[in-house]
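Residue-level structure breakdown
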Amino acid sequence: MATWKTLLLQDSASPLMEQLAYFHNHTLMILVIITVLVGQLMITLFFNKLSYRFLLEGQVIEIVWTILPAVTLIFIALPSLKLLYILDEVNNPLLTVKSIGHQWYWSYEYSDFKSIEFDSYMIPVNSMKPYNFRLLDVDNRLILPFQTQIRLLVTAADVIHSWTIPSLGVKIDATPGRLNQVSFALSRTGLFYGQCSEICGANHSFMPIVVESISPKYFYKWVSDTVEA
């Protein structure tokens, strides 16, 4: 979860988010090198009183400063495209969950089991417990097993919403009349918070998402208890 002192990305909780963080660091290093180089050249130009009176044409330097940015873009584009295709891949999911966005709450359906579906509302401030996070906790969390390939089907009942968990590297639009899907795997247990990232109306900022990652053993127990109930 993001806190007041979080300057960079949240700690990753899925292999996809780890790769996104690596790509972010890779691109940021290239940008830092370019920024330092260009800054040093500009400072030199400001304080250098010398001039070169024969600098009328410079085919060599023009070729160099055209080729170098092109090579730099290749170093950024290749890992970016690779990661883009990996994020879009759905590999033999073991569990399928359907998420439906409403104004202004989420509802979930476990398609692999009978009669497991529920709504997830934000906990009002006057109903919060001391351990709840304001505007982030919900009454019914999305329970998922870790180290399991999960497919999430996302749609909306009214307007466009966006199902987003930053620490999982997942952000997918929920569009009325359209079924989008995303695949991810949780790498550890814990609580992971997100919010609708689409401006969907007056209470847009009051439809949070909470994913509770537990072990497969306890997930099976939760499923059996929920079905029996």
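Here is what the cut-offs are and how they apply
- Residues numbered from 1 in each chain as written.
- Predicted model: local features only at pLDDT ≥ 70, side-chain atom pairs only at ≥ 80, totals over all residues.
- Heavy atoms only, no water.
- Pairing = 2+ DSSP bridges.
- Helix = DSSP H or I, 4+ residues; strand = E, 2+ residues; numbered from the N terminus.
- Axes fitted to C-alpha atoms, helices over the stretch in contact; angles between N-to-C directions.
- UniProt positions renumbered as here; feature names shortened; annotations may be inferred.
- Buried < 20%, exposed > 50% of the residue type's maximum accessible area, 1.4 Å probe, protein only.
- 1 Å grid on protein atoms, 1.4 Å probe; cavity = no way out; pocket = protein on both sides within 12 Å on 5 of 7 lines; lining within 4 Å.
- Points joined across faces, edges and corners; volume = space filled by probe spheres on them.
- Nonpolar A, V, L, I, M, F, W, Y, C, P; charged D, E, K, R; others polar.
- Domains from an automatic or database assignment.
- Phe/Tyr/Trp six-rings, centres within 6.5 Å; stacked < 30°, edge-to-face > 60°.
- Lys NZ or Arg CZ within 6 Å of the ring centre and 35° of its normal.
- Contact = heavy atoms within 4.5 Å.

In this section: the sheet that holds strand S8 (residues 180-185). Reading across from one edge, S3-S2-S1-S5-S8 is the order of the five strands in this open sheet, with mixed pairing throughout. Since the sheet does not close on itself, it has two edges, and those belong to strand S3 (117-120) and S8, each with one partner. Averaged over all pairs of adjacent strands, the angle between their axes in this sheet comes to 25°, without regard to strand direction. Inspection of the sheet shows strand S1 (residues 95-102) paired to strand S2 (residues 105-110) by six bridges, in the antiparallel sense. Following the sheet pairing, isoleucine 100 is matched in S2 by serine 107.

Look at the UniProt record and you will see "transmembrane region" (unreviewed entry) annotated at residues 27-48 and 60-87. Spanning residues 27-48, this segment combines 95% helix with 0% strand, and its end C-alpha atoms are found 32 Å apart.

Across the six residues that make up S2, a large majority, five, are buried. Joining the antiparallel neighbours S1 and S2 is a turn of two residues. In this structure, the hairpin formed by S2 and S3 is closed by a connection of six residues, where serine 115 is found at a positive phi of approximately 55°.

Here we take up the layout of surface pockets. Of the volumes computed, that of the largest pocket is approximately 670 Å³. Around the largest pocket sit 18 residues that line it, and Leu37, Val38, Leu41, Trp65 and Leu68 are the ones nearest its centre. Listed by contribution, the elements that provide at least two residues to the lining of the largest pocket are helix H1 (15-47) and helix H2 (59-87). The space that makes up the second largest pocket amounts to roughly 260 Å³. Leu87, Asp88, Gly169, Lys171 and Val182 are the residues nearest the centre of the second largest pocket, which is lined by 15 residues in total. Of all the secondary-structure elements, those providing two or more residues to the lining of the second largest pocket are H1, H2, strand S7 (170-174) and S8. Looking at side-chain class alone, the lining of the second largest pocket contains nine nonpolar, three polar and three charged residues. In this structure, the lining of the second largest pocket is formed jointly by two domains, domain 1 (15-49 + 56-88) and domain 2 (95-228), each of which donates at least three residues.

Taken as a whole, this structure holds ten aromatic pairs when the rule is applied. Look at tryptophan 163 and phenylalanine 184: their rings are 6.4 Å apart centre to centre, the planes differ by 20°, and that puts the pair in the stacked class. Linking tryptophan 163 in strand S6 (residues 161-165) with phenylalanine 184 in strand S8, this pair joins segments that are 21 residues apart in sequence. When its relative accessible area of 1% is taken as the criterion, phenylalanine 184 is described as buried. Grouping aromatic residues by their ring pairs yields a cluster made of Tyr108, Tyr110, Phe113, Phe118, Phe219, Tyr220 and Trp222. Seen from the ring of tyrosine 218, lysine 217 lies directly overhead, with NZ or CZ sitting 5.7 Å from the centre.

Here we take up the sheet that holds strand S9 (residues 190-195). Taken together, the three strands give an open sheet; going across it, the order is S4-S10-S9, and neighbouring strands pair in mixed fashion. The open sheet terminates on both sides in strands that have one partner only, identified here as strand S4 (142-145) and S9. For this sheet, the mean inter-axis angle between neighbouring strands, taken without regard to orientation, is 25°. In terms of strand pairing, S4 meets strand S10 (residues 208-214) through four bridges, oriented parallel. Bridge pairing in S10 places leucine 142 opposite valine 211. Along the sheet, helix H3 (residues 216-228) makes contact with S4 and S10, crossing S4 at roughly 135°.

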